[in-house]
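Remarks on the overall topology
Here is what each chain is made of, one letter per residue.
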Amino acid sequence: SFYGSHYDNITVATIFNGLGLSLVENILDQVSAETIIIDKVSIDIILELTKNSRIKNLKNVIITGEKEFYKPNALRELENFFKVITFKEVVEAGKNSNVSTVEASEDSIGLICYTSGTVNSPKGALITHKNLVCNADVVFCHNFSMSEKDCFYCLLPLAHIMGLFIATAHFYFG
């Protein structure tokens, strides 16, 4: 979803769900998020924020995996507030879409990556498409070479900037 979003010049904001309710709420508010992609772990955070009417702009929730993998009550509750669709349904809808895309320039913002906020609240670092590609290049150039027989395993979450750059490097170089 991250790389597909860039194809359509959609800016992505990463949220590490370990930040806590108030910081997740703050990030969603700062970026005016209308759509989020969540997993089974994150559904409880979104439901808690929804119960207290703390999510202002959110309209769509895309869930990873199939709906039967989620707690039925939690999913029904989420559907009371938002349009809920599976990632697979998004991919299928995209195959049949005739919406024209907007090509990203190298200077357009591709990512808003939030820091952990060691001093205060997390701050969003604006990363351009050129930054993403250049960092992927640097990560790969300063590491060993890989072949199609190698397996990539990264312990850093993709919401962490270095985890994302390492993953991007592997996609970038195939």
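This text follows the structure it describes.
Quick notes on the pattern of salt bridges
In total, this model carries 6 salt bridges according to the counting rule given. Taking the shortest distance from any N to any O, the salt bridge between lysine 59 and glutamate 34 comes out at 3.9 Å. Residue lysine 59 is found in the loop between α3 (43–51) and β3 (60–63), and its partner glutamate 34 is found in the loop between α2 (21–30) and β2 (35–38); the two are separated by 25 residues along the sequence. For glutamate 34, a relative accessible area of 42% gives the class partly exposed.

Quick look at the environment of lysine 67
In this fold, lysine 67 is placed in the loop between β3 and α4 (72–79). When the C-alpha positions of lysine 67 and isoleucine 85 are compared, they lie 8.7 Å apart, and in sequence the two are 18 residues distant. If we ignore the near neighbours within four places in the chain, the residues touching lysine 67 are Leu75, Glu79, Val84, Thr86 and Glu89.

Considerations on the nonpolar core
Soluble, globular proteins show a tendency: their nonpolar side chains are buried together. In terms of nonpolar packing, the biggest core is built from 24 residues, with Leu28, Ile36, Ile38, Ile43, Ile46, Val61 and Leu78 touching the most fellow members. Contributions of two or more residues to this core are made by α2, β2, α3, β3, α4 and β5 (109–114). Among the elements that make up this core, the one with the highest residue count is α3 (5 residues). Once residues within four sequence positions are removed from consideration, leucine 28 is found in contact with Ile15, Ala33, Ile36, Ile46, Leu49 and Ile55.

What about the pairing of β2?
Only one face of β2 is buried, namely the one carrying Ile36 and Ile38, since none of Thr35 and Ile37 on the opposite face is buried. Bridge count between β2 and β3: 4 bridges; the pairing is parallel. Considered in β3, the bridge of isoleucine 36 is made with valine 61.

Observations regarding the packing of α2 against α3
Orientation of α2 relative to α3, taken along the N-to-C sense of each, is 80 degrees, at an axis distance of 10 Å. Here α2 is positioned roughly perpendicular relative to α3, judged by the angle of their axes. Contacts between α2 and α3 involve Leu21, Val24, Glu25 and Leu28 from the former and Ile45, Ile46, Glu48 and Leu49 from the latter. Within the contact of α2 with α3, the residues separate by chemical class into 6 nonpolar, no polar and 2 charged.

Here we look at the layout of surface pockets
For the largest pocket, the calculated volume is near 1900 Å³. Among the residues forming the lining of the largest pocket, the class breakdown is 32 nonpolar, 14 polar and 4 charged.

So, how was this worked out
- Residues numbered from 1 in each chain as written.
- Predicted model: local features only at pLDDT ≥ 70, side-chain atom pairs only at ≥ 80, totals over all residues.
- Heavy atoms only, no water.
- Salt bridge = Lys/Arg side-chain N within 4 Å of Asp/Glu carboxyl O.
- Helix = DSSP H or I, 4+ residues; strand = E, 2+ residues; numbered from the N terminus.
- Buried < 20%, exposed > 50% of the residue type's maximum accessible area, 1.4 Å probe, protein only.
- Contact = heavy atoms within 4.5 Å.
- Core = buried A, V, L, I, M, F, W, Y, C linked by side-chain atoms within 4.5 Å.
- Pairing = 2+ DSSP bridges.
- Axes fitted to C-alpha atoms, helices over the stretch in contact; angles between N-to-C directions.
- Parallel < 35°, antiparallel > 145°, perpendicular 65-115°, else oblique.
- Nonpolar A, V, L, I, M, F, W, Y, C, P; charged D, E, K, R; others polar.
- 1 Å grid on protein atoms, 1.4 Å probe; cavity = no way out; pocket = protein on both sides within 12 Å on 5 of 7 lines; lining within 4 Å.
- Points joined across faces, edges and corners; volume = space filled by probe spheres on them.

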